[in-house]
Amino acid sequence: MTCALLTGITGQDGSYLTELLLGRGYTVHGIVRRSSTIQRTRLDHLFADKDVYNRRLFLHYADLDDVTTIRRILSKTEPDELYHLAGQSHVGVSFEIPETTCQFTAMGTLKLLEIVRDLEKQPRMLHISSSEIFGRPDESPQNERTPMRPVTPYGIAKTFATQMVTFYRESFNLFACNAICYNHESSRRGESFVTRKITRAAAAIALGKQKDLALGSLDGRRDWGYAPEYVEAMWKMLQQQVASDFVLATGTSHSVEEFLAAAFEAVNLDWRDHVVQDERYMRPSEVSRLVGDPSKANRDLGWTAETTLPQLARLMVESDLASLKSKESIADS
Ligand code: GDR
């Protein structure tokens, strides 16, 4: 049975990837941080499944900078594939906590590479990189050869991690690849990211539970795709003969305002009646012209992002409406 180890298993991508791997017959091990209130709701349905939890799905406690424990977990589980998805993933927050961001996102990745380098049985390794490495690029769309010019603490940390992965592949012969992911969203997206914040608010306003939505800049443009499709590409990357980096993107960018319009349209509301601008969500520096060129992934992985922005906004709003309504009915019963 093929065995995979995931860091960041409790996150959006970790949960979708776990479902995909279990569906393909893998044994899945996940590393989780020890804390008093662990957020594992995205995996609850798998924990409840007695044929899965502690039979084919196992959790292990470790912080990303706890080298001894991570080494022990890797030696014990001997995975064939290692998906490194964990890190401080909020760009806006990285301006407030740059040291923590670098500690986990940059140094955490280097520490993992060092452990893998010393292992007798080396797993194939995927690192989730980010479009933030391109920052304010000279060319648009960006591909795997576009120079990295990050402009945020998060982007700088990801650039370090990305270049280390390439370096370990080229110098120490590890099967290690970067999935250079553009924004990918879903109903499991954390509530502080702009898409989910918007879809939750649209649903809550439609149900009369909220009046306004406070946002930062609406001008930013992003290449937004649907997360379950991106984890499929990550898996495909580790099934290739040769380790290589891939841009995973839709190839189309939209503004925050366009996402707002699509989300509010799904509940027949006009976003202009509800959105207020709030300085707190403005960033000291913003990326620009980020849109990915996924041709290499199209060609070599046979992968294409299918879900369009209006479809994405609608499915997220519908999920938020359903979950708010079910909370309402539980409260009423
Ligand atoms: P991003 O996603 O920074 O691209 O990083 P996010 O959803 O946080 O921001 C997208 C754009 O929306 C603007 N914005 C706001 N953003 C947030 N979070 N909250 C607000 O209230 C708000 N108002 C406006 C932002 O300024 C920005 O322009 C995501 C993360 O998942 C990273 O981990 C990942 O690497 C990249 O995508 C690709």
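Here's a quick rundown of the structure. Not measured: the values here are computed from a predicted model.

### Considerations on the site of the ligand
And step 1. What surrounds the ligand is a group of 22 residues, the closest being Ser-89, Ser-130, Tyr-154, Arg-222 and Glu-286.
And step 2. Here Tyr-154 contributes a side-chain N or O atom positioned 2.6 Å from an oxygen atom of the ligand.
And step 3. Between the ligand and Lys-197 there is a distance of 2.7 Å, counted from an oxygen atom to a side-chain nitrogen or oxygen.
And step 4. Bound to the protein, the ligand loses 95% of the 710 Å² it would expose on its own.
And step 5. For the shell around the ligand, the class distribution of residues is nine nonpolar, eight polar and five charged.

### Let's talk about the packing of helix H3 (residues 67-77) against helix H5 (residues 98-118)
And step 1. Axis separation between H3 and H5 bottoms out at 10 Å; the angle between their running directions is 45 degrees. Between H3 and H5, the crossing angle belongs to the class labelled oblique. The handedness of the crossing between H3 and H5 is right-handed. The segment H3 lies against H5, with Val-67, Ile-70, Arg-71 and Leu-74 engaging Lys-111, Leu-112 and Ile-115.

### Some details on the pattern of salt bridges
And step 1. As enumerated under the stated definition, the model contains 15 salt bridges in all.
And step 2. For Glu-232, the salt bridge identified is with Arg-24, shortest N-O distance 3.0 Å. Of the two residues, Glu-232 is situated in helix H8 (residues 227-238) and Arg-24 in the loop between helix H1 (12-23) and strand E2 (27-32); the sequence distance between them amounts to 208 residues.
And step 3. In this structure Arg-24 comes out as partly exposed when scored by relative accessible area, which is 39%.
And step 4. With its nearest N and O atoms 3.2 Å apart, the salt bridge here joins Asp-80 to Lys-121. Placement of the pair is Asp-80 in the loop between H3 and strand E4 (81-84) and Lys-121 in the loop between H5 and strand E5 (124-130), with a sequence separation of 41 residues.

Rules and cut-offs
- Residues numbered from 1 in each chain as written.
- Predicted model: local features only at pLDDT ≥ 70, side-chain atom pairs only at ≥ 80, totals over all residues.
- Heavy atoms only, no water.
- Near = heavy atom within 4 Å.
- Polar contact = N/O pair within 3.5 Å; in protein donor to acceptor, adjacent residues only side chain to side chain.
- Areas by Shrake-Rupley, 256 points an atom, 1.4 Å probe, with all protein chains shown as cover.
- Nonpolar A, V, L, I, M, F, W, Y, C, P; charged D, E, K, R; others polar.
- Axes fitted to C-alpha atoms, helices over the stretch in contact; angles between N-to-C directions.
- Helix = DSSP H or I, 4+ residues; strand = E, 2+ residues; numbered from the N terminus.
- Parallel < 35°, antiparallel > 145°, perpendicular 65-115°, else oblique.
- Left-handed = near helix turned anticlockwise from the far one by under 90°.
- Contact = heavy atoms within 4.5 Å.
- Salt bridge = Lys/Arg side-chain N within 4 Å of Asp/Glu carboxyl O.
- Buried < 20%, exposed > 50% of the residue type's maximum accessible area, 1.4 Å probe, protein only.

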